[in-house]
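Secondary and tertiary structure notes
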Amino acid sequence: MRTVAEGMGSDRDHVTAIRGGFTFIETLACLLVLVFGLSAVLGLVMWGEHLAGDAQARSTAMLTAVTVAVDPTPLQTPVTQSAWTYTPYPMDASGTQASTATGFLNGYYIVRTENSADIDVVARDPGTNYVYARSANVRVDVYDSMSGTVQASYSTRLVRQRTGP
Amino acid sequence: MKPSLAASPSGFTLVEVMVSMTLCVILAMAGTTAYFKVLRLVNRAEARIAMHASAQVLYGTLHRQCCVADQHCAMVLESVAGDGTGSSSDAGSWTLIFMHGKESNEDWQWGLQSQGMNEDLVWEKWKWTAGNQTLWNATSSTQRGGNMSVSFIPSGTVDFGNSNFLYLPTPRRSLSATMPEYTLNDNILFPATTSATYPMVSLGCPNDYGDMQDLDNRLAAALTHVTACSLEVVEMNGTKLDVNDTATTTTVLQGAWMDGRYSANVTDPQYFANAVNFAKSDLAQRPRLIRFQYTVTDAATQLSQTFSFSFPMPAMSGPP
């Protein structure tokens, strides 16, 4: 059983300990929590920027897809020009024709496919066998050049016209 | 109890303080480094977002203008060769002008105008100047007017001095293939010639200027820090016209008449009846596609991005 004096002494020790401030471990723990908190804030800022940039990039990716859909040979820089491949099919050819274009444009990796069959021929001169106009199905997939994820896909139908006689 | 009371006020030991200070210094260094690294990444991300946002605006604007540039729209393409340095002394530039509603180089004739065949609509101009790395854009005024501050008596005894006037763009220009700036300014309302009777009356009305000058007056920066920019126009006959700062050229693409002389119907035998006539016709020289490429650089982060877009004109696509 504790005496009154012992109790007072114990309380005095407790008061003294409080006046001594934080312990070393408590200080380290506080610093650790502070570091985690600041890291979380910085991480949120970075994540927000990433989301905003990703949204903008997806929008530009769609514009890039529309560009390549109407033009399989857009203007290129010398670096991307060397990596761009495109094999066109003959305008007058019979049977199912296909062409593929691949390469980098606007920071994305592009895969463009085009198909045109006999049924898509709008006007063919039976004498010369020239095709004056034919339609074609075009599909463009735009990939993020770093992660490889699909940023945009676009499909359309073109009507191709002979350049001249 | 006394030893305990004496020890407590002494606080941390020297070792504890030194360890704490060392940890604080390490954390401060790591925090500062991380902060500046994050700041740099955020700046780069924001610069990239701004580049993509401006690209979307440019794409939307040019796409809209190309879509409405049908056969009635004449175009002027001009290139001025520069030294390729991109410095302030670089004189390189190019210009693209859409002249909607200008279907022929003959539309200045009063007889044709009276038949209601020709009406000039809104014109649009794009210009890139290498010296200040800026892409400019202008849309013509829908109307202009002013006050004639000097005496002007064109005929009879009526003096138009001190009177206000207002006029709409009228088809009174011939589109020269070699001097579009000169001929496209022909539609000033009052003469600018000096004579004993009418001394430079246009100077008495500063708002009386031609349509080309009107476009130049309204040029505003659409995008800055454009370190490289070029165009390629693909005509319906397959000809490619490069518009950039490597050569000095002027090309005029006349608007095409839609009166049956050059049919756009591919099933019409007349369309390919005469290869020479077709190749020389306004229709064959109509643009089928406009390719546009530019490089923009962020001054703060030195981040650079090249964008390339192609815009279909009101025409069918060419051969594969």
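Everything numeric in this text was worked out from a predicted model, so none of it was measured. (Residues numbered from 1 in each chain as written. Chains lettered and ligands numbered in written order. Predicted model: local features only at pLDDT ≥ 70, side-chain atom pairs only at ≥ 80, totals over all residues.)

1. Regarding the overall build of chain B
Put simply, the rule is: We count a stretch as a helix when DSSP gives it H or I for four or more residues in a row; a strand needs E for two or more, and each element gets its number in order from the N terminus. We call two residues in contact if the C-beta atoms placed from their backbones are at most 7 Å apart.
Each helix and strand in chain B was counted, giving 6 helices and 12 strands. Across chain B, the fraction of contacts at a sequence separation of at least 24, relative to all contacts at a separation of at least 6, is 67%.

2. Section: the overall build of chain A
Helices and strands together make up the secondary structure of chain A, namely 3 helices and 6 strands. Taken from the N to the C terminus, the helices and strands of chain A come in the order α-α-α-β-β-β-β-β-β. Partitioning the contacts of chain A with sequence separation of at least 6, the portion at a separation of at least 24 is 49%.

3. Remarks on the pairing of strand β9 (residues 240–243) of chain B
A regular strand carries its side chains on alternate faces of the sheet. Selection rule: A pair of strands counts as paired when DSSP detects no fewer than two bridges linking them.
The pairing of strand β8 (residues 226–235) of chain B with β9(B) spans 4 bridges and is classified as antiparallel. Residue B:Val233 lies in a different strand from β9(B), and its bridge partner there is B:Leu241.

4. Quick look at the environment of B:Asn217
Among the secondary structure elements, B:Asn217 is positioned in helix α5 (residues 211–217). In sequence terms B:Asn217 and B:Thr139 are 78 residues apart; their C-alpha atoms lie 9.9 Å from each other.

5. Quick look at the sheet that holds strand β7 (residues 220–224) of chain B
Within a sheet, neighbouring strands are paired by backbone hydrogen bonds and run either parallel or antiparallel to one another. Residue and element names in this part refer to chain B. Selection rule: Axis lines are fitted to C-alpha atoms, over the contacting stretch for helices. Their N-to-C directions set the angle, which ranges from 0 to 180 degrees.
Spatially, the 6 strands line up as an open sheet ordered β7-β4-β3-β2-β1-β10, and their pairing is antiparallel. Each of the sheet's edge strands pairs with one partner strand only, and the pair in question is β7 and β10 (249–253). Looking at each pair of strands side by side, their axes are set apart by 15° on average, direction ignored. Sheet analysis places strand β3 (residues 123–129) next to strand β4 (residues 134–139), joined by 6 bridges and oriented antiparallel. Bridging from a neighbouring strand, threonine 129 pairs with threonine 134 of β4.

6. Regarding the interface of chain A and chain B
The condition that has to hold: Only Asp, Glu, Lys and Arg are considered charged, only Ala, Val, Leu, Ile, Met, Phe, Trp, Tyr, Cys and Pro nonpolar, and every remaining residue, Gly among them, polar.
Tallying the contact residues gives 48 residues for chain A and 49 residues for chain B. Those elements that place two or more of their residues in the side of chain A that touches chain B are α1 (4–19), α2 (24–70), β2 (97–105), β5 (131–144) and β6 (150–161) of chain A. Among the elements that take part in the side of chain A that touches chain B, α2(A) stands out by supplying 18 residues, more than any other. For the side of chain A that touches chain B, the residue count by class is 24 nonpolar, 18 polar and 6 charged.

7. As for the confidence of the model for chain B
All names here are of chain B. This is how the line gets drawn: The quantity called pLDDT is the predictor's confidence in a given residue, expressed from 0 to 100.
Per-chain confidence: chain B averages 78 in pLDDT, with 71% of residues scoring 70 or above. Considering each helix and strand of chain B separately, the mean pLDDT is smallest for helix α3 (residues 110–114), with a value of 44, and largest for β4, with 96. In the model, residues 108–118 has pLDDT below 50 throughout and makes 14 contacts with residues more than four positions away in sequence or in other chains. Between residues 259–276, whose pLDDT stays under 50, and residues either more than four places distant or in other chains, the model counts 19 contacts.

8. What to know about the confidence of the model for chain A
Chain-level statistics for chain A give a pLDDT mean of 86 and a share of 87% at 70 or above. Taken together, the stretch residues 1–9 of chain A has pLDDT below 50 and engages in 2 contacts with residues farther than four places along the chain or on a different chain.

9. So, the sheet that holds strand β12 (residues 304–312) of chain B
All names here are of chain B. Strand order in the open sheet formed by 4 strands is β9-β8-β11-β12, and the pairing between neighbours is antiparallel. Of all strands in the sheet, those bounded by a partner on one side alone are β9 and β12. On average, each strand axis in the sheet is inclined to that of its neighbour by 15°, with strand direction left out of account.

10. Brief notes about helix α2 (residues 14–67) of chain B
The condition is simple: Each residue after the first adds 1.5 Å to the expected span of a helix.
Between its first and last C-alpha, α2(B) extends 78 Å over 54 residues, near the 80 Å set by a 1.5 Å rise per residue. The inward-facing, buried residues of α2(B) contact α2 of chain A together with β2 (93–99), β3, β7, β11 (287–297) and β12 of chain B.

11. Some thoughts on α2(A)
Under the convention used in this document: Neighbour density around each residue's C-beta defines its exposure: 20 or more other C-beta atoms within 10 Å make it buried, 12 or fewer make it exposed, and counts between make it partly exposed, where C-beta atoms are placed from the backbone.
The end-to-end C-alpha distance of α2(A), which contains 47 residues, comes to 68 Å, matching closely the 69 Å that a straight helix rising 1.5 Å per residue would cover. When we look at burial in α2(A), the residues that qualify are A:Ala57, A:Thr60, A:Ala61, A:Leu63, A:Thr64, A:Ala65, A:Val66, A:Thr67, A:Val68 and A:Ala69. Taken together, the buried residues of α2(A) touch β2, β3 (108–116), β5 and β6 of chain A together with α2 and β12 of chain B.

12. A short note on the nonpolar core
Here is the rule we go by: Nonpolar cores are identified as sets of buried Ala, Val, Leu, Ile, Met, Phe, Trp, Tyr and Cys residues joined via C-beta atoms within 7 Å.
A:Ala65 and B:Met75 are the most contacted members of the largest nonpolar core, which has 58 residues in total. Broken down by element, the residue count for this core peaks at 7 residues, all from α2(A). With residues near it in sequence (within four places) discarded, A:Ala65 still touches A:Val140, A:Val142, A:Ala152, A:Ser153 and A:Tyr154.

13. Side note on the pairing of β3(A)
Residue and element names in this part refer to chain A. Every second residue of β3 is oriented toward a common face, the buried set being Tyr108, Ile110, Arg112, Glu114 and Ser116 and the non-buried set Tyr109, Val111, Thr113 and Asn115. Where β2 meets β3, 9 bridges bridge the pair, whose relative direction is antiparallel. Bridge pairing in β3 links serine 99 to glutamate 114. Taking the residues that link successive antiparallel strands as the turn, the β2-β3 hairpin has 2 residues, and the phi of asparagine 106 there is positive, at about 55°. Direction of pairing for β3 relative to β5: antiparallel, over a ladder of 8 bridges. Looking across to β5, one finds that arginine 112 is bridged to valine 140.

14. Some details on the packing of α2(A) against α2(B)
Filter applied, for reference: Working rule for angles: under 35 degrees goes down as roughly parallel, over 145 as roughly antiparallel, 65 to 115 as roughly perpendicular, anything else as oblique.
As a packed pair, α2(A) and α2(B) sit with axes 9 Å apart at the nearest point and diverge in direction by 10°. Judged on the interaxial angle alone, α2(B) and α2(A) are roughly parallel. Considered class by class, the residues forming the contact of α2(A) with α2(B) number 21 nonpolar, 9 polar and 4 charged.

15. Looking at the environment of B:Phe309
Here B:Phe309 lies in strand β12. For the pair formed by B:Phe309 and B:Tyr294, sequence separation is 15 residues and the distance between their alpha carbons is 9.1 Å.

16. Points about the environment of B:Ser87
Topologically, B:Ser87 is positioned in the loop between β1 (74–80) and β2. For the pair B:Ser87 and B:Gly131, spaced 44 residues apart in sequence, the C-alpha to C-alpha distance is 5.4 Å.

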